[in-house]
There are 2 protein chains.
Amino acid sequence: MTERTPTEPLSPLGADSPADIYRRFLADLFGVMAYGELSAFERMSSDARFSPTLHDRTVLGALAVREYEHFERVSAHLQELGLDPEEAMRPFQPSVDAFHDRTKPADWFESLMKFYVTDAISDDFYQAVAARLDPETASLVLGLQEAEPTGGVLEARLQQALADDPRLASRLALWGRRLVGEALTQAQRVLLERAVLGGLLQGTVQGIYEDEVKMLFAALTRSHSRRMNRLGLTA
Amino acid sequence: MTERTPTEPLSPLGADSPADIYRRFLADLFGVMAYGELSAFERMSSDARFSPTLHDRTVLGALAVREYEHFERVSAHLQELGLDPEEAMRPFQPSVDAFHDRTKPADWFESLMKFYVTDAISDDFYQAVAARLDPETASLVLGLQEAEPTGGVLEARLQQALADDPRLASRLALWGRRLVGEALTQAQRVLLERAVLGGLLQGTVQGIYEDEVKMLFAALTRSHSRRMNRLGLTA
């Protein structure tokens, strides 16, 4: 590996200008967000069908629709940047699909938990990323989150379910651990495969990059544990 | 059966006032619409996942979201009438669910066809019903349809699929016949079970009611055949 000074931009794709790299980084960032939201919409709306009550179905349906609206906003932003949303999403299909295939909920409560856990982890992740973006892009990313009270709705519903049937706790605790494990595994896969996402940490050397990723993942895990504790579950 | 003059209102629920009957008729009409739209949203968005291309997924996703928005508008209208949307939907769960359970698409093209066929039949049905409603309610019902170019999008996509693979034609023709058969069977079940929907044809006697239902069903079948012909399929 060539020596770099800590201030030299990391340029994994060769001699591209920092602007080119940043643009490709945005394509990847919004590509993975868009595909994540499109997939969440499809899974959430189909799982909604198994809700115990009509009320739950309509509430989950509304949350799913919000995911689709976010997908549309992110797609529109890609187009404003002159990028093709489908092309931007494509590289992330295998890892996002793998995550969903490996975390098929056994029932409605597991499905509720899945959306609660993954929604919160992606929010934390995008919040961490936003700190490294230009102000305009950062405000778009953060704006999507502010418009999204999904977490609160899901947390309240999970708390109610756990109060109604305390036996759910051990199963959901186990399920939560599996979800966070799979989510971080797939996130790591994405970061490894898409060198350009290294643009996230431009101006750092390889070693520091790896340390930062480790720190980010540790922070995501800690936030996850705090959420599980709030539900009275062992993380 | 007691004799009625043709102008005497049909009052299957006893001595209720015509206003009460009409109100209960609206609860049923919007209840079945709302539940149909909520179910279509869930099925369509989950089937979208199996689309051959990302573009198809996003197009079907957008159509599914429109179904959810219609569901929300119809629910809001029920609430304006002082009615509980969940209570209004509940009686129609068994027949709508039975329809979907009996028409599980084997692949994405069958799923596309299913939404094309059922969307068009419900549009025709609601259009026929609208002619018998007070002007305000009629304009709500017709307004939902005008806002909905779903049929055109689905028809164009089916035409393209049939052009790409002409072998699809015989399978989709068979599937179309099964869909229309199941749709009309379940619609008949609803009309039989929910006497209040007879309010649809207030001011008629039992015999005329049955004739009108037969005529309506014949008209729905004819329109279906015309649509199949437009796709080059034998109805």
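Residues numbered from 1 in each chain as written. Chains lettered and ligands numbered in written order. Predicted model: local features only at pLDDT ≥ 70, side-chain atom pairs only at ≥ 80, totals over all residues. Heavy atoms only, no water.

The name recorded for chain A in an unreviewed UniProt entry is Ferritin-like domain-containing protein, from Arthrobacter jiangjiafuii.

Draft legend 1. Just the interface of chain A and chain B, in detail. On the chain B side, the residues contacting the 25 residues of chain A number 25 residues. For the pair chain A and chain B, the summed buried surface comes to about 2,200 Å²; carbon and sulfur atoms form 58% of the total. By the criterion of area lost to chain B, the three top residues of chain A are Glu-42, Leu-54 and Arg-57 of chain A, representing 28% of everything that side buries. One can count 2 salt bridges joining chain A with chain B. Here Glu-42 of chain A and Arg-57 of chain B are joined by a salt bridge, their closest N and O atoms 2.8 Å apart. Our count for the chain A to chain B interface comes out at 11 residue pairs in polar contact (both at pLDDT 80 or more). (Contact = heavy atoms within 4.5 Å. Buried area = accessible area lost by both parts, 1.4 Å probe. Salt bridge = Lys/Arg side-chain N within 4 Å of Asp/Glu carboxyl O. Polar contact = N/O pair within 3.5 Å; in protein donor to acceptor, adjacent residues only side chain to side chain.)

Draft legend 2. Focus on the confidence of the model for chain A. Residues and elements named next belong to chain A. Looking at chain A as a whole, the pLDDT averages 84, with 86% of positions reaching at least 70. Of all helices and strands in chain A, the one with the weakest mean pLDDT is helix 9 (residues 206–230) (83), whereas helix 3 (residues 85–89) scores best (96). Residue range residues 1–13 is modelled with pLDDT below 50. Its contacts to residues more than four positions away, or to other chains, number 25 contacts. Reported confidence for the predicted complex is 0.81 by ipTM and 0.84 by pTM. (pLDDT = per-residue confidence, 0-100. Helix = DSSP H or I, 4+ residues; strand = E, 2+ residues; numbered from the N terminus.)

Draft legend 3. Molecular detail of the packing of helix 7 (residues 150–164) of chain A against helix 8 (residues 168–193) of chain A. Residue and element names in this part refer to chain A. Interhelical geometry of helix 7 versus helix 8 gives an angle of 140° and a closest axis separation of 9 Å. Classed by the angle they form, the pair helix 7 and helix 8 counts as oblique. The residues of helix 8 that touch helix 7, namely those facing Leu-158, Ala-161 and Leu-162, are Leu-168, Ala-169 and Leu-172. (Axes fitted to C-alpha atoms, helices over the stretch in contact; angles between N-to-C directions. Parallel < 35°, antiparallel > 145°, perpendicular 65-115°, else oblique.)

Draft legend 4. Representation of the pattern of salt bridges in the model. Applying the stated rule across the entire model yields 18 salt bridges over all chains. Here Arg-171 of chain A ties to Glu-110 of chain A by a salt bridge, and the two come within 2.9 Å at their closest N and O atoms. One end of the pair, Arg-171 of chain A, is in helix 8; the other, Glu-110 of chain A, is in helix 5 (residues 108–130), and 61 residues separate them in sequence. For Arg-171 of chain A, a relative accessible area of 33% translates into the label partly exposed. With a closest N to O distance of 3.1 Å, Arg-167 of chain B and Asp-165 of chain B form a salt bridge. Linked through salt bridges whose partners overlap, the residues forming this network are Asp-107, Glu-110 and Arg-171 of chain A. (Buried < 20%, exposed > 50% of the residue type's maximum accessible area, 1.4 Å probe, protein only.)

Draft legend 5. Region of the structure containing the relation of the copies chain A and chain B. The two copies are related by a screw motion: chain A maps onto chain B through a turn of 180° and a shift of 0.0 Å along the axis, at an RMSD of 0.0 Å. Classification of the inter-copy transformation places it as that of a two-fold axis. Among all C-alpha atoms of chain A, that of Ser-46 of chain A lies closest to the rotation axis, at 2.4 Å. The residues that chain A uses at the interface reappear at the interface of chain B in 100% of cases, marking a shared surface. (Least-squares fit on C-alpha atoms with pLDDT ≥ 70 in both.)

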